[in-house]
Amino acid sequence: MPYLFSFSSSLFPHPSGLLSKRIYALLKKHFLKMPAACESVLEDIEDIVSAEDLKPHDRQFVRRNVFPKVRKRNSQKNAQTDDEPPSDSIIPGVQKIWIRTWGCSHNNSDGEYMAGQLAAYGYKITDNSDEADLWLLNSCTVKNPAEDHFRNSIKKAQEGKKKVVLAGCVPQAQPRQEYLKGLSIIGVQQIDRVVEVVEETIKGHSVRLLGQKKDNGKRLGGARLDLPKIRKNPLIEIISINTGCLNACTYCKTKHARGDLASYPIEELVDRAKQSFQEGVCEIWLTSEDTGAYGRDIGTDLPTLLWKLVEVIPEGAMLRLGMTNPPYILEHLEEMAKILNHPRVYAFLHIPVQSASDSVLMDMKREYCVADFKQVVDFLKEKVPGITIATDIICGFPGETDEDFQETMKLVELYRFPSLFINQFYPRPGTPAAKMPQVPAAVKKQRTKDLSQLFHSYNPYDHKVGERQRVLVTEESFDSNYYVAHNPFYEQVLVPKDPLLMGKMVEVNIYEAGKHFMKGQPVSDARVHTASISRPLAKGEVSGLTEEFRRSAQNGTRWKAQPDAEIPVKTQLSSWMALQLPWQQEGGGLKILSVSLALLAVLVMFYYGGMKTEL
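- Per an unreviewed UniProt entry, the protein is named Threonylcarbamoyladenosine tRNA methylthiotransferase, and its organism is Junco hyemalis.
- Under Sequence similarities (unreviewed entry), UniProt gives the following word-for-word description of the protein: "Belongs to the methylthiotransferase family. CDKAL1 subfamily."
- Quoted verbatim from the Subcellular location (unreviewed entry) field of the UniProt record, the comment on the protein reads "Membrane".

Shown next, in the form of structure tokens:
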């Protein structure tokens, strides 16, 4: 360590000179241990050794009387430690990350945001799980099978010696589950901090961020909408307009994770839509746990938002509205019908009924009756000709009788829903429905089978063969043989795999129909609409890189979490800056020099005071 003063003959003459032996010894005693403000070089190192210091012979003698203490070592533990480099030697931002998402479009949007932030920071997002250094698993808690897949993926990652970060509704709702112990977790409202969680996990730490975002005590919708993201499909932007809901359904576990309703301001949502169109997006999905409840917490409503959004949708682009529960759409039926008739809004609405039995709906605490659902469907079918109504049904809810189930079968037969999501009931831990008397598994299975057979007994698109339809082409089919497009009613139309069609709105002649799709041939003389003047981003390209984010990345600063804690600490990426000693910080040298001079003055006064006493 450098020293403040070098005791050379030029700076401090021999005691026979200006200073006596007494003050010379005092100065040596008080200043030799003081660190310097600058890196000065020692001129006469032999002057540092005092009479009290151990001689080489004494040091050797002392060593002979020191005996090492033998410790038992855990060879297996040490072997594992030797395989991994120390955490401070790991360079973050260069590892490969594999991201897996289960569940709804809201969850998929969260996954896109996390991928975008990680890629913008330098991590490589890979589709190959085997080559990845870390697995980011974004979970869904709606059904038992989804959580089982999630749990199995964690086990597989651990067996493959992969680092793991968990996200989504499962760890948010039940972070203390046994199989989640010791693993890093990022909450559904903390996805804007995924980079620091991944960084700490790669270093071998466990970080859990599960808090809610608030502004002056008011719960916010979640992370900012202008964060970087990687769209799974560069042509489709998924925008979460709110998080949580106003219901308390007895079977729902998502409520435990997403909480009560919290909506984003209209201005932020419109800005996000504008940015998406500027990046070549031609289709926007609005999503949340209940879009119909949007705005009730911030003094607005869904129709107001939708009218603002349609103003910025360019020609050739479309907007699709997500799921809404019957109670909240009832209040806005007139306005919703007008919006769904807009040429740039799909005439499509997802309204879950869950059961056609009022007694079952009461046990579910759905806050509506079957008549309410029918009123919504009948009104929209009348006012929006050709509209597609999708719905959900749960088979075998606790207490459901055969008569209750037959009412549900009659409802499906009446409306012949073209899109029907059939779910066998699974009791989710911690929900009231899990404590209710359960319907036997065999009965639940049979009811699910019966309803599925009814659904597959009719073909909703047979009457459309021969029609000329306008469709928007946005993706590739699962078998890679066709491109997938949607007509104004969000019905699926398969078209030839011509790269010139992708992202375009074209007219086709329908020549074939199946249960879930139609096939169309493009009309040669039809006009082709391109949704945006901007080129769509390449697959895997990061969108939404704001100037603020770029500056943050360039300066190496961001919000960083403490390992094994939920308390955020704002710090530099270069953590050594926070560990500098006082003399290494700005102005530290002057402080040390001032203290040194003060000490010197005290010593001189002490010396002269001692001389007077002797006299």
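**A closer look at the nonpolar core**
- Counting residues in hydrophobic clusters, the biggest one holds 104 residues, and the most contacted among them are L118, L136, V198, L286, L302 and L380.
- With six residues, the single largest contributor to this core is helix α14 (residues 370-383).
- Not counting the four nearest positions on each side in its chain, V198 is found in contact with I97, L118, Y123, L134 and V165.
- Listed in part, the 18 residues of the second largest apolar core include L137, F150, I185 and L210.

**Let's talk about the packing of helix α15 (residues 402-415) against helix α16 (residues 441-455)**
- At a closest axis distance of 10 Å, the pairing of α15 and α16 adopts a crossing angle of 15°. Compared by their axis directions, α15 and α16 come out roughly parallel. Read as a crossing pair, α15 and α16 show a hand that is right-handed. Contact residues: α15 offers D402, F405, M409, V412 and E413, while α16 offers R447, D450, L451 and L454.
- Grouping the constituent residues of the contact of α15 with α16 by class yields five nonpolar, no polar and four charged.

**Here we look at α14**
- In this model α14 runs 20 Å from its N-terminal to its C-terminal C-alpha over 14 residues, within 8% of the 20 Å that 1.5 Å per residue would give.
- Looking only at α14, the buried set comprises V370, F373, V376, V377, F379 and L380.
- If you follow the buried residues of α14, they end up packed against α11 (326-329), α12 (333-340), β14 (348-350), α13 (358-364), β15 (388-395) and α15.

**Structural notes on the sheet that holds strand β9 (residues 236-240)**
- The strand order across the open sheet formed by three strands is β9-β12-β13, and the pairing between neighbours is parallel. Whereas interior strands pair on both sides, the edge strands pair on one side only; in this sheet they are β9 and β13 (318-321). Strand-to-strand twist of the sheet, defined as the mean angle between neighbouring strand axes without regard to direction, takes the value 20°.
- Pairing between strand β12 (residues 283-287) and β13: four bridges, direction parallel.

**Some words on the confidence of the model for the protein**
- Averaged over every residue, the pLDDT of the protein is 82; residues scoring 70 or more account for 74%.
- Counting interchain partners and residues more than four positions distant, the pLDDT-below-50 stretch residues 30-57 has 50 contacts.
- Segment residues 77-82: pLDDT under 50, and one contact once partners within four positions in sequence are set aside and those in other chains are kept.

**Focus on the side chain of K519**
- Among the structural elements, K519 can be located in strand β21 (residues 518-522).
- A distance of 3.0 Å separates a polar atom in the side chain of K519 from a polar atom in the side chain of Y482.
- Once residues lying within four places of it in the same chain are set aside, the contact partners of K519 are Y482, V493, L494, N509, I510, Y511 and E512.

**Brief notes about the side chain of Q354**
- The topology assignment puts Q354 in the loop between β14 and α13.
- You can call Q354 buried: its relative accessible area is 7%.
- What Q354 contacts, discounting residues up to four positions off in sequence, is Y251, M364, R366, Y368, D392, I393 and I394.

**Points about the sheet that holds β14**
- Across the sheet, three strands lie side by side as β14-β15-β16; this open sheet has parallel pairing. Two strands bound the open sheet, and with one partner strand each, they are β14 and β16 (419-424). The mean inter-strand angle of the sheet, taken between neighbouring strand axes irrespective of direction, is 15°.
- As paired elements, β14 and β15 share three bridges and run parallel to each other. Bridging across to β15, H350 finds its partner in A390.

Cut-offs used in this document
- Residues numbered from 1 in each chain as written.
- Predicted model: local features only at pLDDT ≥ 70, side-chain atom pairs only at ≥ 80, totals over all residues.
- Heavy atoms only, no water.
- UniProt positions renumbered as here; feature names shortened; annotations may be inferred.
- Core = buried A, V, L, I, M, F, W, Y, C linked by side-chain atoms within 4.5 Å.
- Buried < 20%, exposed > 50% of the residue type's maximum accessible area, 1.4 Å probe, protein only.
- Helix = DSSP H or I, 4+ residues; strand = E, 2+ residues; numbered from the N terminus.
- Contact = heavy atoms within 4.5 Å.
- Axes fitted to C-alpha atoms, helices over the stretch in contact; angles between N-to-C directions.
- Parallel < 35°, antiparallel > 145°, perpendicular 65-115°, else oblique.
- Left-handed = near helix turned anticlockwise from the far one by under 90°.
- Nonpolar A, V, L, I, M, F, W, Y, C, P; charged D, E, K, R; others polar.
- Expected span 1.5 Å × (residues − 1).
- Pairing = 2+ DSSP bridges.
- pLDDT = per-residue confidence, 0-100.
- Polar contact = N/O pair within 3.5 Å; in protein donor to acceptor, adjacent residues only side chain to side chain.

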